Amino acid sequence: MPQSERLQKVLAAAGLGSRRKCEAIIESGRVELNGKTAVLGDRVDVKQDRITVDGILLEPLEDKKYLLLNKPPGYITTLRDTRGRPTVMELIDEEERLFPVGRLDLDTRGLLIVTNDGYLAHKLMHPSHGIEKTYVVEAAGELTSGGL
């Protein structure tokens, strides 16, 4: 017999908030269970059922990993490069599948999050969530308005 759990418990365990907050998320219609809008009281088998929140697939429960990388210049922010340039993933010695959150240019240095948490990555990157980012630029020479 499959092991089923209350949906709000599964959402809370996935890091979406307290059980009460997850109940509110379900009641607001933001959760789908196997393609249908979920309702409070639904039970799920995390190994069998497909759960999405705001259209994002809830990943199977696994240990989440979060790395902060001070990306040096000369590395591109991608998993693989077809042109053979060095990638930020070459700087990380991890066996499991991780991916960078966001992008920093080839010649840019700075803080980069590398994770296996797709929900967090989406929340941080998608403009609809309004996460502000601050970039500090250091330039050689004099800045003029002529190039704008």
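Read on for a plain summary of the structure. (Residues numbered from 1 in each chain as written. Predicted model: local features only at pLDDT ≥ 70, side-chain atom pairs only at ≥ 80, totals over all residues. Heavy atoms only, no water.)

Summing up its helical and strand segments, the chain has 3 helices and 9 strands in all. Each helix (α) and strand (β) of the chain, taken in turn from the N terminus, gives the series β-α-α-β-β-β-β-β-β-β-β-α. Here the C-alpha atoms of the chain give a radius of gyration of 20 Å, more than 25% beyond the 15 Å that 2.2 N^0.38 yields for 148 residues. A principal-axis box enclosing the C-alpha atoms of the chain has dimensions of 65 × 40 × 25 Å. The 148 residues of the chain split such that 30% are buried. Residue pairs in contact within the chain that sit at least 24 positions apart in sequence constitute 46% of those at least 6 positions apart. Carbon and sulfur atoms form 50% of the exposed surface of the chain, whose accessible area is close to 10600 Å². (Helix = DSSP H or I, 4+ residues; strand = E, 2+ residues; numbered from the N terminus. Rg over C-alpha atoms; globule rule 2.2 N^0.38 Å. Buried < 20%, exposed > 50% of the residue type's maximum accessible area, 1.4 Å probe, protein only. Contact = heavy atoms within 4.5 Å. Areas by Shrake-Rupley, 256 points an atom, 1.4 Å probe, with all protein chains shown as cover.)

Strand pairing within a sheet occurs via backbone hydrogen bonds; the two strands may be parallel or antiparallel. Sheet architecture is open: 4 strands sit in the order S3-S2-S5-S6, paired in antiparallel fashion. Each of the sheet's edge strands pairs with one partner strand only, and the pair in question is strand S3 (36-37) and strand S6 (56-57). Pairing geometry for strand S2 (residues 31-33) and strand S5 (residues 51-53), over 3 bridges, is antiparallel. Within S5, the residue paired with Leu33 across the bridge is Ile51. (Pairing = 2+ DSSP bridges.)

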